[in-house]
Amino acid sequence: MFARGYFPGRSGQIFLIPREGDVITDRDPLYAFMHGSPWDYDVHIPLLLHGTPFVKAGTYNTPAVQQDLARTLAAIMGATAPPTMTGRVLSEAIETGARPRVVVLLVLDAMRADYFDTYAKEMPTITRLKREGAWFSNTRINYLPTLTSVGHATIGTGADPRFHGLAANNLYNRVTGKPQPAYAGLDPRELMALTLADVWNLETDGQAIIVGQGGAIRAAAGLVGRGACLVNGRTVIAASYNASNAGWETNPQCYRLPEYLNAINGKTYWTEAGGTWMGHDVANPNAFRASSLFQRFEGDALLAVANHEAFGADEITDLLMVNMKGPDYVAHAYGPDAAETREEMVELDRQVTRLLDALGKKAGPNGLLVAITADHGMPREPAAGRRHYIDDIAKRIEERFDPAEKKLVAYYGDAANNQVYLDLRRLGALKLSLSDIAAMLAREPYLTAVFTEDDVRAAQARLGPR
């Protein structure tokens, strides 16, 4: 799994597998729960297709992966699948011939597959889509780490991370000596493979309406692709949440941000709620995200896009690629079983209903295809003593191998990555090897396995093209 997710220069040097049931996270209370592992609570995700006459309804137990979705949508739309796509067409569940006027892809962030049972009553519309559509019950992520930037790029490109290039939400840049977020500066050119949206942009010469929207650039860019920053690409619409001012932002070199979205700002929502939600202070752009108010904010923005843009106006299929970030932020803070998550599911379903109603009217009868999946899952509350912190792990490495200067760990600031970035020059000066670090960590009881970059490279060399 790490081999499928490894990309030279972007991945770390030490790769960690937490013991099943243990959680490795940081000390920010908004991230008390953290995904990233290979266990079922992080990798078992939903995959659902809905729309007549494009989909054969039923429950399908055949194995599926995120990479299959872009290739399947391409087949339905009549788009060319680029050679970087590693998934398969889910041919058992699709009808051939008809093409939709509108395709909407909803990536419900951190949406565990079992939420569709646990919260079925709270999500009547999503439950109906599952009942009427094609549900792939055995969909699992087949790479590591399981996190937002990697997941959305995998869904958007239909390619393994080893090909599309997104390896972490935050990586360490050895040239600058600083951590670097995915799509730094809102620049999507970090993507090394075409997304489905990129292909459709090129094949329709920009005539298709293509929109990407999400609660973070690390989600939106992986879906919508590079827009006008692709050779021969036309400008598409892309908007991601700005955690500094609670509004929407974009990269104007690549994308267009509609003026009507500037009127939708998170501060309005938390102010109207008196600055609190379910007893929690949400009166700032970061805390606001961990509330169902944020889901309503996302939903209002999506509805504005659906109403303002001319979706379904001609025979060229239009694409709306959406990250709905609310489930992730709420579950990070409160966990999958919390009352807050239940409330989030209610609001999520309400916003999905509004969006699909609006798009259905524009697409007309038998004109709308809906795809739903997730980028990763989320662990439940661990048993006592089984929550661990990245600063403690980094401290143990330094105390064991570099107690005098504590410069060996260059970066271990993103728990979901499950990767430690080391200063390789310092490693050499200390006359150490990666295996020395891995052997020390492997003795920690909360880790099932520890791999070095050399281990992962060797495993990647054994992988075939798929």
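These lines cover the structure that appears in this document, whether it is placed above or below. Owing to the predicted nature of the structure, the values given are computational and were not obtained by experimental measurement.

Calculation criteria
Residues numbered from 1 in each chain as written. Predicted model: local features only at pLDDT ≥ 70, side-chain atom pairs only at ≥ 80, totals over all residues. Heavy atoms only, no water. Helix = DSSP H or I, 4+ residues; strand = E, 2+ residues; numbered from the N terminus. Rg over C-alpha atoms; globule rule 2.2 N^0.38 Å. Buried < 20%, exposed > 50% of the residue type's maximum accessible area, 1.4 Å probe, protein only. Contact = heavy atoms within 4.5 Å. Areas by Shrake-Rupley, 256 points an atom, 1.4 Å probe, with all protein chains shown as cover. Lys, Arg positive; Asp, Glu negative; His and termini not counted. Charge placed at Lys NZ, Arg CZ, Asp CG, Glu CD. Core = buried A, V, L, I, M, F, W, Y, C linked by side-chain atoms within 4.5 Å. Pairing = 2+ DSSP bridges. Axes fitted to C-alpha atoms, helices over the stretch in contact; angles between N-to-C directions. Polar contact = N/O pair within 3.5 Å; in protein donor to acceptor, adjacent residues only side chain to side chain. Salt bridge = Lys/Arg side-chain N within 4 Å of Asp/Glu carboxyl O.

As a further point, take the overall build of the protein chain. Across its full length, the protein chain holds 18 helices and 20 strands. Over its C-alpha trace the protein chain gives a radius of gyration of 21 Å, about what one expects of a compact globule, namely 23 Å for 466 residues. The principal-axis extent of the C-alpha atoms belonging to the protein chain is close to 70 × 50 × 45 Å. Scored against the burial criterion, the 466 residues of the protein chain give a buried share of 61%. Sequence separation of 24 or more characterises 76% of the internal contacts of the protein chain that already satisfy a separation of 6 or more. Carbon together with sulfur atoms contributes 50% to the accessible area of the protein chain, which is approximately 16900 Å² in total. For the protein chain, the distance from the average site of its 47 positive side-chain charges to the average site of its 53 negative ones is 3 Å.

Here the focus is the nonpolar core. With 95 residues, the main nonpolar core has Ile14 and Leu441 as its most contacted residues. Ranked by residues supplied to this core, first place goes to helix 12 (residues 292-308) with 9 residues. Setting aside residues no more than four positions away along its own chain, Ile14 makes contact with Asn418, Gln419, Val420, Leu422, Leu434, Ile437, Ala438, Leu441, Val450, Phe451 and Thr452. With 48 residues, the next largest nonpolar core counts Ile76, Ala134, Leu166 and Val199 among its residues.

Bringing the sheet that holds strand 20 (residues 447-452) into the picture now. Spatial strand order, 18-19-1-20: 4 strands in an open sheet with antiparallel pairing. Unpaired on one side and paired on the other, strand 18 (409-411) and strand 20 mark the two borders of the sheet. On average, each strand axis in the sheet is tilted by 35° relative to the strand beside it, whichever way the strands run. Sitting on the sheet, helix 17 (residues 434-442) touches strand 1 (14-18), strand 19 (419-422) and strand 20, and the angle it makes with strand 20 is about 180°.

Within helix 6 (residues 148-157), 10 of the 10 residues are buried, which leaves the element mostly enclosed by the surrounding structure. Taken from the residues just after helix 6, Gly158 is the one with a positive phi, measuring 70°.

When you line up the elements, Asn417 lands in the loop between strand 18 and strand 19. Assessed through its relative accessible area of 1%, Asn417 is described here as buried. With 246 residues separating them along the chain, Asn417 and Leu171 place their C-alpha atoms 8.6 Å apart. For Asn417, the contacting residues outside a window of four places in its chain are Phe2, Pro145, Leu147, Ala168, Asn169 and Asn170. At 2.6 Å, the side chain of Asn417 and the backbone oxygen of Asn170 are in polar contact.

Quick look at the pattern of salt bridges now. On inspection of all chains with the given rule, the structure shows 30 salt bridges. We note a salt bridge from Arg342 to Glu122, for which the minimum N-O separation is 2.4 Å. Residue Arg342 is located in helix 14 (residues 339-363), and its partner Glu122 is located in the loop between helix 4 (115-118) and helix 5 (124-132); the two are separated by 220 residues in the primary sequence. A salt bridge links Glu444 to Arg396, with the shortest nitrogen-to-oxygen separation between them at 3.5 Å. Note that Glu444 is positioned in the loop between helix 17 and strand 20 and Arg396 in helix 15 (residues 390-401), a separation of 48 residues in sequence. Bridged by salt links that share partners, the residues Arg112, Asp114, Asp337 and Arg380 form one connected network.

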